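Each chain, letter by letter, is given below.
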Amino acid sequence: MVNYGGDEVSALVVDIGSSSLRAGYAGDDTPKAIIPTSYGYHNTGGDEAMDVEGSDATQKSRSMKRMYIGQNGPSMWREGMEVANPMVDGLIDDFSAIPPLIEHALVDVMRCRPSEHPILVTEPTWNTPANRERMAEIMFEEFDVPAFYIANTGVLNAFAAGRGTALVIDIGKDMASVTPVVDGFVLRKGLSYSTLPKLVHAHARHILSNPTPMRRGIELLPHQLITNKESVDLNAPPRFSIREDRIAGTTESWRIWAENREVDEWLMSVGTILEQGWNDVAAAQRPAKAYEFPTGYNTYFGPDRLNVGEQYFHHPPALVATNPNLPKHVPNLILETFRSCDTELRQVLSSNVVVTGGGTLFNGFVDRLSSELGRSFSHAKIHAPGNPVERRYGGWLGGSILASLGTFHQLWISKEEWQEHGKAIVGQRCK
Amino acid sequence: MAASAADVRSILSIPAPSLAAGPSQQKKQPTTQTRKPEGISRELYSLIGPSAPSLVTLSKPRLKQKPNLGGGSKVKWECRAFKNPGRQDSLELRHWVRASTAEDAEYPFAKYNVPSNVFTYSQDEYTRFLEDKEWTKEETDYLFSVARDYDVRWFVVHDRYNYIGGVPRSIDDLKDRYYSVCRKLVRNRPWAGDETSKAQTIASYLFDKEREITRKKYIVSLENRTPEQIAEEEALFIEVKRLEQNERRFKKERDELLRTIAGIESGLPDIVEDEGLSNLAIDTKKKKNRGSVMDADSPAIPAMPVSAPIVKRPQTAKNAAFDAANCIVRTDPPTTVPVTKAAHQPAHLRSYKLPVPKAAVQPKITAALAELGISHSRLVMPTRDNIMQLESLLEATTSLVEIKRVVDKVEYDIRVLKTRLGMRESQGVEGRPGEAMDVDEGHEGDVVGEDGRAQSVLSTRSARSRKQTRRSMSISSVDTSGTATTRAGTKRQKRS
């Protein structure tokens with residue numbers, strides 16, 4: 001066991017992302033619990049009453065919320081259920097929902113007692129010191145963990161790929177980031193990130209819901225709201241009946257969540273990126289793909305499905321002119337990172353590119369990336385795990401590796417240290 | 001064919017044993033026979049009997065060995081709490097260890113906890129040696145604390161370096177300050193070891209900021225090349241290589257020429273060793289040729305090694321006397337054959353070089369000799385004289401055959417002319433066909449002309465004479481082909 005440098009102390013690893021929360025034992029290769037970060041809730045207490053009672057009561061009313069977490073949380077239709085996501089731009093924005101989410105993963109799914117295990121939590125590179133201290137506080141005060149550590153997802157992704165030095169390209173649900181990692185440390189000055197996936201999502205929604213000369217706008221009704229449907233011919237108007245009884249009880253937030261899911265499903269099953277850059281001829285040669293929506297409407301998508309992925313790598317000039325605050329696309333992010341890195345590092349970073357995150361599973365993404373990189377760096381080498389689990393949960397996997405190393409155990413922030421030094425210890429220890 | 005005990009006894013003339021011993025011996029024998037050796041199947045043993053080869057018994061077939069997994073005994077593991085000596089607090093984590101490990105054994109990973117050795121300095125040292133107008137003591141302290149935190153990983157140190165109220169520093173500024181402080185400290189502190197180790201330590205802290213900046217500028221310029229520039233650069237590189245190669249070749253050729261003209265006086269080393277192994281053979285050959293040429297042209301240089309075997313020795317009187325005294329007979333190489341590798345005659349036995357008649361006349365010669373009862377193919381003693389005699393014999397036979405051929409031809413001609421004369425006498429002259437044939441005759445050669453006319457006369461008469469025409473034709477064709485080959489032969493000689 002010493003040979004492998006591993007020494008398992010039954011640590012837990014919790015990796016919170018915009019789309020899902022992953023938790024499992026350190027040393028495993030797959031997280032035991034994968035639950036959606038979005039959750040449904042009912043406000044049981046009267047909102048008006050709480051506002052009157054003041055700030056002290058607000059905290060209480062939050063805990064009075066009835067929350068629906070896990071696989072049957074937001075995806076199950078409940079009357080009057082709202083859906084919320086505690087993450088904004090990859091950072092935890094609403095900490096009140098975090099303890100129930102973690103508790104669900106650790107206690108309800110994994111059936112373990114957090115107070116018995118050291119816990120390693122991940123954070124994105126652009127996390128604020130206040131956020132990580134808050135996370136430490138939750139762990140020590142609410143879960144009573146014996147030891148805690150917070151590690152950077154960029155570093156962990158590099159570790160998951162078996163590298164100490166890497167350029168990590170991470171495309172998640174909300175954020176796209178390029179992080180240079182050197183000797184297990186993130187170079188914060190070289191970090192660049194943007195909300196590019198949101199743009200792609202918005203673009204996809206725009207394509208689907210706006211009518212074209214060929215077809216009408218597509219209704220993005222989720223199957224939860226449809227009683228029955230009939231199979232219809234290609235491009236024929238759908239014949240289905242809506243569950244009228246549910247319409248009234250459907251909240252706006254749930255509807256948005258459900259529609260977003262429909263868009264994402266369409267995006268990931270139909271969307272493709274051209275490997276060699278945009279080319280009208282090549283785009284025309286690609287076969288159209290059929291897709292059927294929950295309403296029963298089905299059609300073929302030709303150039304649209306290629307157009308949508310192109311947003312990752314190229315913004316049409318017209319779009320740039322109208323939106324000055326457009327999120328940077330991937331080549332720009334990489335360029336920016338290289339510009340802010342030392343010239344000596346460019347060589348080693350470009351030959352250790354690690355591609356991770358669920359967004360990179362977009363059809364043709366890695367091929368396109370390698371062709372884009374190859375233009376400016378002929379020796380660029382991309383490491384992209386073929387296994388979708390490894391690609392999506394690279395951060396968790398790296399945490400699993402790190403927390404099972406014998407040499408790592410001196411880095412844990414113990415409860416004793418937390419009580420002695422307070423929040424400052426987090427910044428000192430987790431560099 | 002096993003010899004029984006009785007046979008042995010009868011051979012050795014031993015008297016038959018007593019009856020009491022007999023049965024016991026007979027009993028014993030079957031027991032030894034039935035015992036089957038290990039590693040041989042029963043069926044095979046019953047077939048081959050006790051005379052089984054010993055090899056079979058050596059290689060006993062066995063099943064694949066089971067892997068030895070740690071002795072096979074059960075290992076007891078325990079979940080134990082442990083303390084990490086790398087930690088200052090009292091955190092106890094639990095892990096599984098073998099129950100056999102000692103309770104108070106040191107944590108196996110503690111040895112990897114190596115602190116980085118970053119220099120520290122006192123206030124006094126700072127004021128005495130380390131003052132720098134660019135850096136305050138506070139900032140220097142900060143730099144050293146960051147370097148210690150990140151184990152002097154400069155990229156990380158530079159990334160995290162954020163001194164409030166300081167000027168922005170480049171990575172080279174930080175390195176320069178850090179290493180200059182280290183050098184000064186090593187130089188001024190009392191040193192325990194000898195001077196060389198001190199110099200080595202100082203050398204390990206050397207840092208030339210200007211050079212580093214220039215180097216990075218080069219890297220940037222290298223990365224900023226356009227594809228056209230890269231292509232141009234590559235083309236230039238290839239061009240330079242080509243030029244270099246040409247120059248080297250010219251130099252070599254010049255040296256060779258010098259050596260050829262001036263020999264050793266050129267002052268050039270005789271042997272050129274920078275050639276590869278493949279060139280070596282050619283080189284030596286070249287040298288050999290050169291040596292021979294020089295021998296022939298400028299015998300004034302005796303230093304040159306005489307290595308040419310084809311050199312013609314001048315036939316001096318002294319040589320002749322020496323040869324006569326030692327019974328040496330020199331055969332001149334065939335002068336008509338050009339001096340090539342193929343013409344070179346290595347040492348050989350005379351019996352391998354028996355003279356043979358020309359291929360064209362060989363069957364006739366063989367026949368003639370057979371008629372005379374002489375065997376020319378086997379020479380019992382191929383001495384020089386004998387071979388000369390055989391040669392003259394063959395020559396004589398050849399001329400004999402040749403003469404006979406001419407005689408035959410003349411006789412035939414006479415016979416033909418006689419026949420013609422007889423025919424002319426018996427009947428009148430027929431001019432017409434003869435004239436036509438005369439035209440043909442002019443075209444053909446002299447020898448054929450005779451036959452042609454004969455044929456022209458006879459053709460009107462008999463089929464037999466037509467056959468003869470064909471023969472004459474064939475002869476003429478053979479002749480022309482013969483001349484063609486000889487011509488080719490002379491041409492080849494000329495060429496080579």
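Please refer to the structure placed before this passage.
Residues numbered from 1 in each chain as written. Chains lettered and ligands numbered in written order. Predicted model: local features only at pLDDT ≥ 70, side-chain atom pairs only at ≥ 80, totals over all residues. Heavy atoms only, no water.

Focus: the overall build of chain B
Per the secondary structure count, chain B includes 18 helices and two strands. Sorting the 496 residues of chain B into buried and exposed places 19% on the buried side. Of the contacts made within chain B by residues no fewer than 6 positions apart, 44% connect residues no fewer than 24 positions apart. Split by element, the accessible area of chain B, about 38,500 Å² in all, is 58% carbon and sulfur. (Helix = DSSP H or I, 4+ residues; strand = E, 2+ residues; numbered from the N terminus. Buried < 20%, exposed > 50% of the residue type's maximum accessible area, 1.4 Å probe, protein only. Contact = heavy atoms within 4.5 Å. Areas by Shrake-Rupley, 256 points an atom, 1.4 Å probe, with all protein chains shown as cover.)

Comments concerning the sheet that holds strand β6 (residues 82-84) of chain A
All names here are of chain A. The three strands lie next to each other as β5-β4-β6, forming an open sheet whose pairing is antiparallel. Both edges of this open sheet fall to β5 (66-68) and β6, since each of them pairs with a single strand only. Each strand of the sheet is rotated relative to its neighbour by a mean of 35°, with strand direction disregarded. (Pairing = 2+ DSSP bridges. Axes fitted to C-alpha atoms, helices over the stretch in contact; angles between N-to-C directions.)

A look at the nonpolar core
Residues Trp266(A) and Phe365(A) are the most contacted members of the largest nonpolar core, which totals 70 residues. When sequence neighbours within four positions are dropped, the list of residues in contact with Trp266(A) reads Ala204(A), Ile207(A), Leu208(A), Gly271(A), Tyr291(A), Phe293(A), Phe301(A) and Val308(A). With 61 residues, the next largest nonpolar core counts Ile92(A), Ala147(A), Leu402(A) and Tyr107(B) among its residues. (Core = buried A, V, L, I, M, F, W, Y, C linked by side-chain atoms within 4.5 Å.)

Remarks on a negative patch on the surface
Residue and element names in this part refer to chain A. Taken together, Glu103, Asp108, Glu141 and Glu142 make up a surface patch of like negative charges. Elements with a minimum of two residues in the negative patch: α3 (98-109) and α4 (129-142). Of note, glutamate 103 is situated in helix α3. Looking at glutamate 103, the relative accessible area reads 42%, which means it is partly exposed. (Patch = residues over 30% accessible without salt bridge, like charges linked within 9 Å, V, L, I, M, F, W, Y side chains within 5 Å. Salt bridge = Lys/Arg side-chain N within 4 Å of Asp/Glu carboxyl O. Lys, Arg positive; Asp, Glu negative; His and termini not counted. Charge placed at Lys NZ, Arg CZ, Asp CG, Glu CD.)

Here's the deal with the sheet that holds strand β9 (residues 119-123) of chain A
Residues and elements named next belong to chain A. Strand order in the open sheet formed by six strands is β3-β2-β1-β9-β10-β21, with mixed pairing between adjacent strands. Two strands bound the open sheet, and with one partner strand each, they are β3 (33-36) and β21 (413-414). As defined by bridge partners, β9 adjoins strand β10 (residues 147-152) across five bridges and the pair is classed as parallel. Bridging from a neighbouring strand, threonine 122 pairs with alanine 151 of β10. Seen against the sheet, α4 touches β1 (12-16), β9, β10 and β21 and runs at an angle of roughly 150° to β10.

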